[in-house]
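Listed here are the chains, written in short residue letters.
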Amino acid sequence: MPPLLKSFLHHLQPPPPPAYSLPFSTTTSLPPNHHSPLITAVISLLTHHRSKSRWSHLRSLLTTSSSTPLTPGHFSQITLKLKSNPHLALSFFHFTLHNSSLCSHNLRSYATIIHILSRARLKAHAQEVIRAGLRSPILFNNDEDAFAEKTGLGRVEQDCEGHSRPRYQLLKEVKFFEVLVKSYRECDSAPFVFDLLIKSCLELKKIDGSIEIVKMLGSKGISPSISTCNALISEVSRCKGSFVGYGVFKEVFGLESCEHGEKMRRGFRARPNVHSFNELMVGFYRNGEVEMVEEIWSEMDRFGCVANGFSYGVLMAVFCEVGRLSEAERLWEEMRVKGIMPDVVAYNTVIGGFCKAGEVEKAEGLYREMGLSGIESSCVTFEHLIEGYCRIGDVDSAILVYKDMLRRDFRLEALTMELLIGGLCEQKRAFEALKIMRSAMRDVSFHPSGKSYELLINGLCEDGKIEEALKLQSEMVGKGFDPNSAIYSAFIEGHVKLGNEEMAAMLRKEMSAAQKQKQED
């Protein structure tokens with residue numbers, strides 16, 4: 001057991017008020033040294049009977065030997081005796097769930113089986129039980145008000161988003177954590193049991209509860225594993241914003257601001273690694289915070305973390321996004337010098353940047369290089385190239401890439417079709433665009449978007465093919481897409497070109513009425 005965790009469990013005492021705290025204690029009412037005859041019989045039956053007959057005999061024993069079901073304390077006593085056979089202990093737990101009239105549960109009994117599974121490194125099973133416990137409406141019904149008052153969870157405070165809310169909303173996660181702490185040593189558990197709790201909370205989107213558990217561990221100089229810390233930073237950045245994620249980053253790694261920069265608080269066993277910084281960079285990139293991505297990149301260097309291919313990919317994506325292609329190219333060359341092999345994501349990032357800037361020749365060069373390097377191109381690669389060719393007006397090359405894409409059985413996205421249709425319609429080739437869409441609908445079960453219909457209808461009307469446009473508009477409505485002002489305008493202009501002013505005037509009135517009805521709705 002790590003020294004810090006051992007010290008935490010031995011000497012955890014409640015800090016003085018008024019600071020928020022939990023009255024941690026590892027003292028607990030230990031099961032008695034002797035077992036009742038029923039408990040002894042259950043343990044004997046579980047350990048000595050064959051698996052096929054074990055459960056029917058157990059059901060019979062519990063039905064005939066006692067008028068009251070096994071208590072949570074009984075379950076814990078039995079399970080502790082089975083800790084050398086964790087799979088049997090888990091089967092016994094499932095038996096009690098499927099026969100709820102024969103055994104009741106509380107948080108303590110759940111904690112016991114979680115610890116038994118954790119010490120046996122059956123992490124997936126332990127997490128399954130934790131998730132079930134957190135979802136259970138029964139385990140947390142007893143003494144909630146007293147617990148909230150005792151822990152300070154009843155107070156109204158600001159959460160990490162700055163919203164005021166009562167802290168009792170964190171009751172389940174915090175209470176679960178406290179029970180796991182109390183029963184830890186008795187069950188001879190493994191330190192990562194707290195990581196499993198935090199990860200389970202994250203999976204269930206209990207973000208604030210996860211943060212509170214990390215804070216309580218951190219107040220004693222203990223940090224979860226680096227992978228758990230990174231998962232927390234990622235989920236917080238995704239759900240609450242990148243700046244909140246950055247705050248959690250500082251919290252979980254014990255960083256304190258001082259005049260000399262950031263320093264690690266003593267006692268923390270986890271230090272940020274390259275993946276920690278990658279999560280921050282992705283979070284800020286997702287929120288469009290370009291300057292912060294660059295700042296995190298610089299901070300990574302200050303911590304002595306070496307950027308990997310993913311790190312470079314994120315920063316290159318940022319530069320490509322804002323049109324700083326020369327800096328993206330500089331990073332690309334820096335990767336080569338350092339011997340960092342770009343992956344398909346890195347290639348796609350730079351190819352996409354070149355295509356958006358209209359530098360398709362450079363994008364083609366990287367595409368060829370991908371093949372020579374043995375890196376399989378992806379659907380995104382082809383989408384970038386199609387966009388690039390359409391952007392410079394080379395629609396025929398875009399069609400060739402599109403056909404190659406279909407030959408490789410890549411999924412056809414609506415955006416790719418929209419790019420092709422738009423490119424063809426700009427060159428007065430709307431009927432050809434319609435044929436391509438029809439072929440995709442027939443051959444690869446493509447479902448057109450409303451935008452695809454809009455582009456085609458506009459192109460057909462410009463080409464004077466009003467009848468075909470009307471058929472397409474009818475099909476579009478049949479698929480649940482209502483005509484918008486752009487489609488009305490396309491038909492109006494098409495009729496005007498054909499000299500049909502009366503129909504154009506009628507459509508103008510219809511469009512005006514439709515817009516008025518939409519505003520009223």
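Residues numbered from 1 in each chain as written. Predicted model: local features only at pLDDT ≥ 70, side-chain atom pairs only at ≥ 80, totals over all residues. Heavy atoms only, no water.

## Digging into the overall build of the chain
- In terms of regular secondary structure, the chain is built from 27 helices and four strands.
- Looking at the 521 residues of the chain, the share that counts as buried comes to 48%.
- For the chain, the proportion of contacts with a sequence separation of at least 24, taken over those separated by at least 6, is 63%.
- Put simply, the chain shows about 26,000 Å² of open surface, and 51% of that area lies on carbon and sulfur atoms. (Helix = DSSP H or I, 4+ residues; strand = E, 2+ residues; numbered from the N terminus. Buried < 20%, exposed > 50% of the residue type's maximum accessible area, 1.4 Å probe, protein only. Contact = heavy atoms within 4.5 Å. Areas by Shrake-Rupley, 256 points an atom, 1.4 Å probe, with all protein chains shown as cover.)

## Concerning the UniProt feature "repeat: PPR" (unreviewed entry) in the chain
- The sites that UniProt annotates as "repeat: PPR" (unreviewed entry) are residues 273-307, 308-342, 343-377, 378-412 and 449-483.
- Annotation note: span residues 343-377, helix share 74%, strand share 0%, distance between end C-alpha atoms 10 Å. (UniProt positions renumbered as here; feature names shortened; annotations may be inferred.)

## Quick look at the side chain of Thr79
- In this fold, Thr79 is placed in helix 4 (residues 72-81).
- Taking relative accessible area as the criterion, Thr79 reaches 0% and is therefore assigned buried.

## Description of the packing of aromatic side chains
- On inspection of all chains with the given rule, the structure shows 17 aromatic pairs.
- A centroid spacing of 6.0 Å and a plane angle of 70 degrees characterise the contact between Tyr367 and Phe382, whose relative ring orientation is edge-to-face. Separated by 15 residues along the polypeptide, Tyr367 in helix 19 (residues 360-372) and Phe382 in helix 20 (residues 379-391) bring together distant segments of the chain.
- The exposure class of Phe382 is buried, given its relative accessible area of 1%.
- Counting every residue linked through ring pairs, the aromatic cluster contains Phe243, Tyr246, Phe249, Phe253, Phe277, Phe284 and Phe303.
- The ring centre of Phe192 lies 4.4 Å from the NZ or CZ of Lys123, which sits over that ring.
- A cation sits over an aromatic face here: Lys250 above Tyr246, 4.8 Å from the ring centre. (Phe/Tyr/Trp six-rings, centres within 6.5 Å; stacked < 30°, edge-to-face > 60°. Lys NZ or Arg CZ within 6 Å of the ring centre and 35° of its normal.)

## Quick look at helix 24 (residues 450-462)
- Helix length check: helix 24, at 13 residues, gives a terminal C-alpha distance of 18 Å against a target of 18 Å (1.5 Å per residue), a fit within 8%.
- Listed in full, the buried residues belonging to helix 24 are Ser452, Tyr453, Glu454, Leu456, Ile457, Gly459, Leu460 and Cys461.
- Of the surrounding elements, those touching the buried residues of helix 24 are helix 22 (414-426), helix 23 (430-443), helix 25 (466-478) and helix 26 (485-497). (Expected span 1.5 Å × (residues − 1).)

## Remarks on the packing of helix 20 against helix 21 (residues 395-407)
- Relative to each other, helix 20 and helix 21 sit at 165 degrees, their axes nearing to 8 Å. Judged by the angle between their axes, helix 20 and helix 21 are roughly antiparallel. Of the two possible hands of crossing, helix 20 and helix 21 adopt the one that is left-handed. Counting all contacts with helix 20, which are made through Cys379, Phe382, Glu383, Leu385, Ile386, Tyr389 and Cys390, the residues of helix 21 involved are Val395, Ser397, Ala398, Val401, Tyr402, Asp404 and Met405. (Axes fitted to C-alpha atoms, helices over the stretch in contact; angles between N-to-C directions. Parallel < 35°, antiparallel > 145°, perpendicular 65-115°, else oblique. Left-handed = near helix turned anticlockwise from the far one by under 90°.)

## With respect to the pattern of salt bridges
- The tally for this structure, following the rule as stated, stands at 26 salt bridges.
- Glu334 serves as the salt-bridge partner of Lys338, at 3.5 Å between the closest nitrogen and oxygen.
- Taking relative accessible area as the criterion, Glu334 reaches 22% and is therefore assigned partly exposed.
- Where Glu387 meets Arg391, a salt bridge forms, and the shortest distance between an N and an O atom there is 2.9 Å. (Salt bridge = Lys/Arg side-chain N within 4 Å of Asp/Glu carboxyl O.)

## Focus: the side chain of Glu454
- On the secondary structure map, Glu454 appears in helix 24.
- Look at Glu454 and you get buried, because its relative accessible area is 17%.
- For Glu454, the side chain forms a polar contact with the side chain of Asn484, separated by 3.0 Å.
- If we ignore the near neighbours within four places in the chain, the residues touching Glu454 are Asn484, Ala486 and Ile487. (Polar contact = N/O pair within 3.5 Å; in protein donor to acceptor, adjacent residues only side chain to side chain.)

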